[in-house]
Amino acid sequence: METITITFDRTGNTLDIWLDKLRPCISEEKGKGLIIKKDELGNIIGFEKLNYLKKAGLKDVHTISLEVGIY
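Just so it is clear, the model here is predicted, and its values are computed rather than measured. (Residues numbered from 1 in each chain as written. Predicted model: local features only at pLDDT ≥ 70, side-chain atom pairs only at ≥ 80, totals over all residues. Heavy atoms only, no water.)

(A) Here's a closer look at the overall build of the protein chain. Secondary structure assignment for the protein chain yields 1 helix and 5 strands. Secondary structure elements of the protein chain occur, N-terminal to C-terminal, as β-β-β-β-β-α. The proportion of buried residues among the 71 residues of the protein chain is 24%. A sequence separation of at least 24 residues applies to 32% of the contacts in the protein chain between residues at least 6 apart. By element, 53% of the accessible surface of the protein chain is carried by carbon and sulfur atoms, the whole surface being about 5600 Å². (Helix = DSSP H or I, 4+ residues; strand = E, 2+ residues; numbered from the N terminus. Buried < 20%, exposed > 50% of the residue type's maximum accessible area, 1.4 Å probe, protein only. Contact = heavy atoms within 4.5 Å. Areas by Shrake-Rupley, 256 points an atom, 1.4 Å probe, with all protein chains shown as cover.)

(B) Fine view of the sheet that holds strand β5 (residues 44–49). The sheet built from 5 strands is open, its strands ordered β1-β2-β5-β4-β3 with antiparallel pairing. Two strands close off the open sheet at either side, each with one partner strand: β1 (5–9) and β3 (26–31). Pairs of neighbouring strands in the sheet enclose a mean axial angle of 20 degrees, with direction left out of account. Here strand β4 (residues 34–38) pairs with β5 via 5 bridges, running antiparallel. Within β5, the residue paired with Ile35 across the bridge is Glu48. (Pairing = 2+ DSSP bridges. Axes fitted to C-alpha atoms, helices over the stretch in contact; angles between N-to-C directions.)

(C) Main features of the side chain of Asp39. Positionally, Asp39 belongs in the loop between β4 and β5. What makes Asp39 buried here is its relative accessible area of 6%. One polar contact links the side chain of Asp39 to the main-chain amide nitrogen of Asn43, over a distance of 2.8 Å. What Asp39 contacts, discounting residues up to four positions off in sequence, is Arg23, Ile26 and Ile45. (Polar contact = N/O pair within 3.5 Å; in protein donor to acceptor, adjacent residues only side chain to side chain.)

(D) Quick look at the pairing of β4. Pairing geometry for β3 and β4, over 5 bridges, is antiparallel. For Gly31, the partnering residue across the bridge sits in β4 and is Leu34. In textbook terms, the turn of a hairpin is the stretch between consecutive antiparallel strands, and for β3 and β4 this stretch comprises 2 residues, one of which, Lys32, has a positive phi near 55 degrees.

(E) Quick look at the pattern of salt bridges. Overall, the coordinates contain 6 salt bridges when judged by the stated rule. Residue Glu48 pairs with Lys37 through a salt bridge whose shortest N-O separation is 3.9 Å. Placement of Glu48 in strand β5 and of Lys37 in strand β4 is noted, with a sequence separation of 11 residues between them. For the pair Glu48 and Lys37, one class covers both residues: buried. When salt bridges that share partners are traced, they join Asp16, Lys37 and Glu48 into one network. (Salt bridge = Lys/Arg side-chain N within 4 Å of Asp/Glu carboxyl O.)

As C-alpha cells, this is what we get:
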C-alpha cells in the first residue's frame, strides 16, 4: 500500500476511498450505502459511502479527519 486517495463527489454525495492505486475493480454492495471495492484476487482496495452528508449528519464537507497507520 503506497497511496491512499480520498475524494468527495459533491454532486453524487459520495465519499470514495482507495487504499491502493486507482484501477478496475469489482464492487460489492454491503448495505446501508457501503460499497467495497476488490481487485481481481479479491483483496479490498477501497470503499465508497453513498449519501455521505445525509448519513453523517453534515451540511458540507470542509475538513475530514484522517488517521493513517504505517505498517
